[in-house]
Amino acid sequence: MSQPASETSRSSARRLAVCVYCASIEGIPAHYLELAAEVGRQIAARGWDLVSGGGRSSMMGALGIAARTAGARTTGVIPRALVELEWADHDSDELLLVDTMRERKALMEAHADAFLALPGGIGTCEELFEVWTAGYLRMHPKPVVLLDPDGHYTGLLDWVRGLGERGFVRPEALTRLVVVTDVAAALDACARPVDMSRSPS
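The structure displayed is predicted, hence computed values, not measured ones.

**Details of the overall build of the chain**
Logical step 1: Counting its regular elements, the chain contains 8 helices and 7 strands.
Logical step 2: Over its C-alpha atoms the chain spans a radius of gyration of 16 Å, differing by no more than 12% from the 17 Å that the globule rule assigns to 201 residues.
Logical step 3: Within the chain, the proportion of its 201 residues that are buried is 49%.
Logical step 4: Sequence separation of at least 24 residues holds for 74% of the intrachain contacts in the chain that already meet a minimum separation of 6.

Right, dumping it as structure tokens:
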């Protein structure tokens, strides 16, 4: 899924804000934290901005710290009720407090030019499905990318493809989600324009 070097250079020159969804639960294997940190570093290396859920625990924390340390501007959005639960990332360049999860998602989406999901749990899946569905319905023109280097989402993707085989999901919806296994390819996909000429009907 990677682009030629010339295309990657052009996309790197354009400043993007990437909204990253990922786990905030403690106790997961350390390689997932390193994956999140690498995403943060590579976002910064391209001169882009990070939008996240505003927590400093687990993958979300590793992501924000690494991005900021490498020079990226970070915007976090977190419900007031989760400030203590997720140890809000008060070092964010901008930390936005909201009242509800719906407000959180809407504000994250409004600040982003692209969406990137990393391994996570039900919260990450819920966020991914919302922007994926909205993208398929042409409610936004932003790339929706899933970074799955170790098969974390294999079962979920197989299930969704099975829904497609039974007629519950259209092929155009399946192709609206870009699935990659490599950080650079994921960020290349975040910079690639979406073909909005396809109809969801």
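**Re the pattern of salt bridges**
Logical step 1: All chains considered together, the criterion is met by 12 salt bridges.
Logical step 2: The salt bridge partner of aspartate 188 is arginine 46, with a shortest N-O separation of 2.9 Å. Of this pair, aspartate 188 sits in helix α8 (residues 183–191) while arginine 46 sits in the loop between α2 (30–45) and β2 (49–52), and the two are 142 residues apart along the sequence.
Logical step 3: Residue classification places aspartate 188 among the buried residues on the basis of a relative accessible area of 3%.
Logical step 4: Notably, a salt bridge pairs lysine 105 with glutamate 130, separated by 2.7 Å at the nearest N-O pair. In this pair, lysine 105 is assigned in helix α4 (residues 101–111) and glutamate 130 in helix α5 (residues 122–136), connecting sequence segments 25 residues apart.
Logical step 5: You can call lysine 105 buried: its relative accessible area is 8%.
Logical step 6: Residues participating in the shared-partner salt-bridge network are Arg56, Arg68, Asp89 and Asp91.

**Considerations on helix α3 (residues 58–69)**
Logical step 1: In this model, α3 (12 residues) spans 17 Å end to end at C-alpha, consistent with the 16 Å of a helix rising 1.5 Å per residue.
Logical step 2: Most of α3 is tucked away: 10 of the 12 residues are buried.
Logical step 3: For α3, the full list of buried residues reads Ser58, Met59, Met60, Gly61, Ala62, Leu63, Gly64, Ala66, Ala67 and Arg68.
Logical step 4: Residues of α3 that are buried sit in contact with β1 (17–21), α2, β2, β3 (74–79) and α4.

**Concerning the nonpolar core**
Logical step 1: Core analysis: the biggest nonpolar cluster contains 32 residues, and Val20, Val39, Ile43, Trp48, Leu116, Leu118 and Leu147 have the highest contact counts within it.
Logical step 2: When residues of this core are traced back to their parent elements, those giving at least two are β1, α2, α3, β5 (114–117), β6 (144–147) and α8.
Logical step 3: Looking at this core, the element that brings in the most residues is α8, giving 7 residues.
Logical step 4: Ignoring sequence-local partners within four residues, the contact set of leucine 147 consists of Leu35, Val39, Leu116, Ala117, Leu118, Pro119, Val180, Thr181, Asp182, Val183 and Ala186.

**Remarks on the packing of aromatic side chains**
Logical step 1: Inspection of the entire model under this criterion finds 2 aromatic pairs.
Logical step 2: Note on tyrosine 21 and phenylalanine 115: the rings are 6.3 Å apart at their centroids and 5° apart in plane angle, and the pair reads as stacked. Of this pair, tyrosine 21 sits in strand β1 while phenylalanine 115 sits in strand β5, placing them 94 residues apart in sequence.
Logical step 3: Using a relative accessible area of 2% as the deciding quantity, one classes tyrosine 21 as buried.
Logical step 4: Accessibility expressed as a relative area gives 2% for phenylalanine 115, which makes it buried.
Logical step 5: With 5.4 Å between their ring centres and 40° between their planes, phenylalanine 129 and tryptophan 132 make a pair best called tilted. Of this pair, phenylalanine 129 and tryptophan 132 both sit in helix α5, 3 residues apart, which is roughly one turn of that helix.

**A word on the packing of α2 against α3**
Logical step 1: Between α2 and α3, the least distance of the axes is 7 Å, while the angle of their chain directions is 30°. Taken together, α2 and α3 sit at an angle that is classed as roughly parallel. The handedness of the crossing between α2 and α3 is right-handed. Note on element contacts: α3 touches α2 through Ser58, Met59, Ala62, Leu63, Ala66 and Ala67, opposite Tyr32, Leu33, Ala36, Ala37, Val39, Gly40, Arg41 and Ala44.
Logical step 2: Tallied by class, residues from the contact of α2 with α3 come to 11 nonpolar, 2 polar and 1 charged.

Analysis parameters
Residues numbered from 1 in each chain as written. Predicted model: local features only at pLDDT ≥ 70, side-chain atom pairs only at ≥ 80, totals over all residues. Heavy atoms only, no water. Helix = DSSP H or I, 4+ residues; strand = E, 2+ residues; numbered from the N terminus. Rg over C-alpha atoms; globule rule 2.2 N^0.38 Å. Buried < 20%, exposed > 50% of the residue type's maximum accessible area, 1.4 Å probe, protein only. Contact = heavy atoms within 4.5 Å. Salt bridge = Lys/Arg side-chain N within 4 Å of Asp/Glu carboxyl O. Expected span 1.5 Å × (residues − 1). Core = buried A, V, L, I, M, F, W, Y, C linked by side-chain atoms within 4.5 Å. Phe/Tyr/Trp six-rings, centres within 6.5 Å; stacked < 30°, edge-to-face > 60°. Axes fitted to C-alpha atoms, helices over the stretch in contact; angles between N-to-C directions. Parallel < 35°, antiparallel > 145°, perpendicular 65-115°, else oblique. Left-handed = near helix turned anticlockwise from the far one by under 90°. Nonpolar A, V, L, I, M, F, W, Y, C, P; charged D, E, K, R; others polar.

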